[in-house]
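What the coordinates show
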Amino acid sequence: GAVVSQHPSRVICKSGTSVKIECRSLDFQATTMFWYRQFPKKSLMLMATSNEGSKATYEQGVEKDKFLINHASLTLSTLTVTSAHPEDSSFYICSASGLAGMGEQFFGPGTRLTVL
Amino acid sequence: QKEVEQDPGPLSVPEGAIVSLNCTYSNSAFQYFMWYRQYSRKGPELLMYTYSSGNKEDGRFTAQVDKSSKYISLFIRDSQPSDSATYLCAMKASGGSNYKLTFGKGTLLTVNP
């Protein structure tokens, strides 16, 4: 099956610093990657859709200058949380989708961000 | 009315029971339907993916789609404690890779040994 990894799995940072999260598709080429945020006991909230080589499309209410997304290759996308604040603490999950099949989305294991 | 409705549960069943999980939706454009399983503090795992109406079976799991009623189901036979997780339904209008999913809120299932 398709495998998506995320790094780091957990990160704790101080308020005001920036944090980068990597999402990699390990065994397929991901033409599209999605970034989600999930609060405890809540469903997934889509933040942005990223196509390789293009600027990301952000969902309404998501600050693009705060959540920087780069999708420079078919196997790697990064999410940078800039000037993080405690309210940015959350579980961030990426998913990846390729051209094969019916555009299935395969999810990474998630990254838990805690901002002190 | 939300696009996708899913009873959040929680649902608690004894080991070996047949579990039925359901979602309803309002957007008739949805053609592709998925079920994901999410363990606590993990990313969702794709269980079943179906196109249009009909049934699909994979081991102990059966997915059903009834587009005329805008209703989808996931059945788990011979449920095991390891099936304890949150189950999310998801759907989209196109099979293209860049189409975003619309999720239900998820149903928390506990299978008791």
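Notes on the structure in this doc start here. In this text the structure is predicted, and so the values were computed from the model without any measurement.

**Topic: the sheet that holds strand S1 (residues 4-6) of chain B**
Residue and element names in this part refer to chain B. As summarised here, the arrangement of the five strands in space is S1-S3-S8-S7-S6, forming an open sheet in which the pairing is antiparallel. Looking at strand neighbours, the two that pair on one side only are S1 and strand S6 (54-58), the edges of this open sheet. Each strand axis lies, on average, 15 degrees off the axis of its neighbour in the sheet, ignoring direction. Sheet topology places S1 next to strand S3 (residues 19-25); three bridges connect them, and they run antiparallel. Bridge pairing in S3 places valine 4 opposite tyrosine 25.

**Considering the interface of chain B and chain A**
Of the residues lining the interface, 22 residues belong to chain B; the matching set on chain A comes to 25 residues. Our enumeration of links across chain B and chain A arrives at one salt bridge. Where chain B touches chain A, the interface holds six residue pairs in polar contact (both at pLDDT 80 or more). Looking at the side of chain B that touches chain A, the elements that each hand over two or more residues are strand S4 (32-38), strand S5 (45-51) and strand S9 (85-92) of chain B. Class assignment for the residues of the side of chain B that touches chain A results in 10 nonpolar, seven polar and five charged.

**Points about the packing of aromatic side chains**
Under the criterion given, the structure shown has 11 aromatic pairs over all chains. Relative to tyrosine 92 of chain A, the ring of phenylalanine 67 of chain A lies with its centre 6.3 Å away and its plane at 40 degrees, an arrangement referred to as tilted. On the criterion of sequence distance, the pair formed by phenylalanine 67 of chain A in strand S7 (residues 67-73) and tyrosine 92 of chain A in strand S9 (residues 90-97) is long-range, its members being 25 residues apart. Residue phenylalanine 67 of chain A shares its accessibility class with tyrosine 92 of chain A, and that shared class is buried. A centroid spacing of 6.2 Å and a plane angle of 70 degrees characterise the contact between phenylalanine 107 of chain A and phenylalanine 103 of chain B, whose relative ring orientation is edge-to-face. Taken together, the positions of phenylalanine 107 of chain A in strand S10 (residues 106-107) and phenylalanine 103 of chain B in strand S10 (residues 102-103) put the pair across two chains. Of the two residues, phenylalanine 107 of chain A and phenylalanine 103 of chain B, neither departs from the other in class, the shared state being buried. Aromatic ring contacts, followed pair by pair, group Tyr36 and Phe107 of chain A together with Tyr36 and Phe103 of chain B into a single cluster.

How each quantity is defined
Residues numbered from 1 in each chain as written. Chains lettered and ligands numbered in written order. Predicted model: local features only at pLDDT ≥ 70, side-chain atom pairs only at ≥ 80, totals over all residues. Heavy atoms only, no water. Pairing = 2+ DSSP bridges. Helix = DSSP H or I, 4+ residues; strand = E, 2+ residues; numbered from the N terminus. Axes fitted to C-alpha atoms, helices over the stretch in contact; angles between N-to-C directions. Contact = heavy atoms within 4.5 Å. Salt bridge = Lys/Arg side-chain N within 4 Å of Asp/Glu carboxyl O. Polar contact = N/O pair within 3.5 Å; in protein donor to acceptor, adjacent residues only side chain to side chain. Nonpolar A, V, L, I, M, F, W, Y, C, P; charged D, E, K, R; others polar. Phe/Tyr/Trp six-rings, centres within 6.5 Å; stacked < 30°, edge-to-face > 60°. Buried < 20%, exposed > 50% of the residue type's maximum accessible area, 1.4 Å probe, protein only.

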